[in-house]
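Here is what each chain is made of, one letter per residue.
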Amino acid sequence: GFALYGLADLVPQEIRALEGSPDQPDPEALRRIAALLRDQGYPAASMLVVNRLLETPGYEASREDWELLWPRPWPSEVSASAAASGMEEHVLYGLVRSESFFRPAVVSRAGAVGLAQLMPATAEETARRLRMGSYDLENPADNLRLGSAHFAGLLRALNGRVLPSVFAYNAGLSRMRQWERAAPGFPDDLLLESLSIEETRQYGRNVLWASVVYGVLHYGLGAEGALTGMLKDR
């Protein structure tokens, strides 16, 4: 009922409240609820429900469970944005899931908005370069287009190196240049662990892991190939 009437955020709360009671949903019910939330357009709530399912003692996750935990919402918008910017779709999905947990209207404490968590000034500059006369950062299509274009600019500036572009997306290009100078010649996986900001180190790990999972689960990549692809030049 919460899902059908636009109150999806209450579903994970209700499930937590029912834990240990006779009305606690069984694993199959949790899976059905998560699938319903996904199909109704609430991926964040769906993923939270799946997390509860996977925490069930002794439960063995199925491929369906993993696909619910790592969904692909807004597939046409993601595909179009990735194609326009030259990003690979599994990297864009990994970035966006890590940034916003697929919540299109979320605003960070720093003021970053939407799926790709764009600062308004960055969005304005990118939109001007793309000649977008108007945009709405809470609109998935606009946000994904601007976020992927911004990432593609960082990728070009960093000679096609994917993981350093992820660091720059979080901390800025100038900070990324400082880290490169402080660790000359480091391979990108070791560069990650040398970063002076813990938030960016963890962010880099999150995006790296998420991109690899998306590549393996949805895009037919092997784990080693997906990981190697994140650590080499484009």
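Structural notes, computed from the coordinates. (Residues numbered from 1 in each chain as written. Predicted model: local features only at pLDDT ≥ 70, side-chain atom pairs only at ≥ 80, totals over all residues. Heavy atoms only, no water.)

A word on the overall build of the chain
Where we set the bar: Counting from the N terminus, the helices are DSSP H or I runs at least four residues long and the strands are E runs at least two residues long. For this measure, only C-alpha atoms enter the radius of gyration; the expected value for a globule follows 2.2 Å times N^0.38, where N is the number of residues. Note on exposure labels: buried denotes an accessible area under 20% of the residue type's maximum, exposed denotes more than 50%, and partly exposed covers the range between, all computed with a 1.4 Å probe on protein chains only. Every residue pair with non-hydrogen atoms within 4.5 Å of one another is taken to be in contact.
The number of helices and strands found in the chain is 13 helices and zero strands. Here the C-alpha radius of gyration of the chain, 19 Å, is about what a compact globule of 234 residues would show, namely 17 Å. Here the C-alpha coordinates of the chain stretch approximately 60 × 40 × 30 Å along the principal axes. A total of 234 residues make up the chain; the buried ones form 44% of that total. Within the chain, residue pairs in contact and separated by at least 24 positions form 50% of the contacts whose partners lie at least 6 positions apart.

Regarding the layout of surface pockets
Counted only if it meets this: Put plainly, a pocket is an open set of points on a 1 Å grid over the protein atoms alone with protein on both sides within 12 Å along at least five of seven lines, a cavity is a set where a 1.4 Å probe fits but cannot get out, and a lining residue has an atom within 4 Å of a point. Grid points are joined across faces, edges and corners, and a volume is the space filled by probe spheres set on the points. Ten residues, namely Ala, Val, Leu, Ile, Met, Phe, Trp, Tyr, Cys and Pro, are considered nonpolar, four, namely Asp, Glu, Lys and Arg, are considered charged, and the remaining ones, Gly among them, are considered polar.
Of the voids in this model, the largest pocket is the one considered here, and its volume is about 500 Å³. If you trace the largest pocket, you find 16 residues lining it, with Glu 99, Gln 117, Asn 170, Glu 199 and Tyr 203 closest to the centre. Those elements that provide at least two residues to the lining of the largest pocket are helix H6 (89-100), helix H9 (162-171) and helix H12 (198-218). For the lining of the largest pocket, the leading source of residues is H12, giving four residues. For the lining of the largest pocket, the class distribution of residues is six nonpolar, eight polar and two charged. By volume, the second largest pocket is sized at about 230 Å³. Forming the walls of the second largest pocket are 15 residues, and the residues nearest its centre are Asp 9, Tyr 42, Ala 44, Ala 45 and Arg 103. Breaking the lining of the second largest pocket down by element, the ones donating at least two residues are helix H1 (10-18) and helix H3 (43-54). Classifying every residue of the lining of the second largest pocket by side-chain character gives 10 nonpolar, two polar and three charged.

A word on the side chain of Thr 200
On the secondary structure map, Thr 200 appears in helix H12. When residues no more than four places from it in sequence are discounted, the contact partners of Thr 200 are Phe 167, Asn 170, Ala 171, Trp 179, Leu 192 and Leu 195.

As for the nonpolar core
The nonpolar side chains of a soluble globular protein tend to be buried with one another. For the record, the criterion: Side-chain atoms within 4.5 Å are what join buried Ala, Val, Leu, Ile, Met, Phe, Trp, Tyr and Cys residues into a set we call a nonpolar core.
Of all hydrophobic cores here, the largest spans 64 residues; its most connected members are Phe 151, Phe 167 and Tyr 169. For this core, the element with the highest residue contribution is H12, accounting for eight residues. Phe 167 has contacts with Gly 172, Met 176, Trp 179, Asp 188, Leu 191, Leu 192, Leu 195, Thr 200 and Gly 204, leaving out every residue within four places of it along the chain.

A closer look at the environment of Glu 193
Within the secondary structure layout, Glu 193 lies in helix H11 (residues 188-194). Under the relative-accessibility criterion, Glu 193 is labelled partly exposed at 43%. In the structure, Glu 193 is positioned 14 residues away from Trp 179 in sequence and 11 Å away in space, judged by C-alpha atoms. Excluding its chain neighbours within four sequence positions, the residues that come into contact with Glu 193 are Arg 201 and Arg 205.

A closer look at unusual backbone geometry
Phi is positive for Phe 102, close to 60°, though the residue is something other than glycine. Locating Phe 102 in the fold gives a position in the loop between H6 and helix H7 (120-130). Under the relative-accessibility criterion, Phe 102 is labelled buried at 2%. The residue Arg 131 is not glycine, and still its phi comes out positive at about 60°. Looking at the secondary structure, you find Arg 131 in the loop between H7 and helix H8 (140-157).

Here we look at the pattern of salt bridges
Keep this limit in mind: Here, a salt bridge means any side-chain nitrogen of Lys or Arg that lies within 4 Å of a carboxyl oxygen of Asp or Glu.
Tallied over the entire structure, the rule returns 14 salt bridges. Residues Asp 188 and Arg 161 are paired through a salt bridge, measuring 2.5 Å at the closest nitrogen-oxygen approach. A residue pair is termed long-range when its members are at least 10 positions apart, and Asp 188 in helix H11 and Arg 161 in the loop between H8 and H9 qualify at 27 residues. In this pair, the class of Asp 188 matches that of Arg 161, namely buried.

As for a nonpolar patch on the surface
Put simply, the rule is: Patch membership requires more than 30% relative accessible area and the absence of a salt bridge. Residues of like charge join within 9 Å; the nonpolar side chains Val, Leu, Ile, Met, Phe, Trp and Tyr join within 5 Å. Accessible surface area values rest on a Shrake-Rupley calculation with a 1.4 Å probe, where residue burial reflects the displayed protein chains alone.
Together, Phe 2, Leu 4, Tyr 5, Leu 7, Leu 10 and Leu 36 make up a nonpolar patch on the protein surface, roughly 580 Å² of accessible area in all. Along the chain, the position of Leu 36 falls in helix H2 (residues 27-39).

Brief notes about the environment of Leu 192
Considering the arrangement of structural elements, one finds Leu 192 in helix H11. In this structure Leu 192 comes out as buried when scored by relative accessible area, which is 4%. Considered as a pair, Leu 192 and Phe 167 are 25 residues apart in the sequence and their alpha carbons are 8.1 Å apart. Leaving out residues up to four positions away in the same chain, Leu 192 has contacts with Phe 167, Thr 200, Arg 201, Gly 204 and Arg 205.

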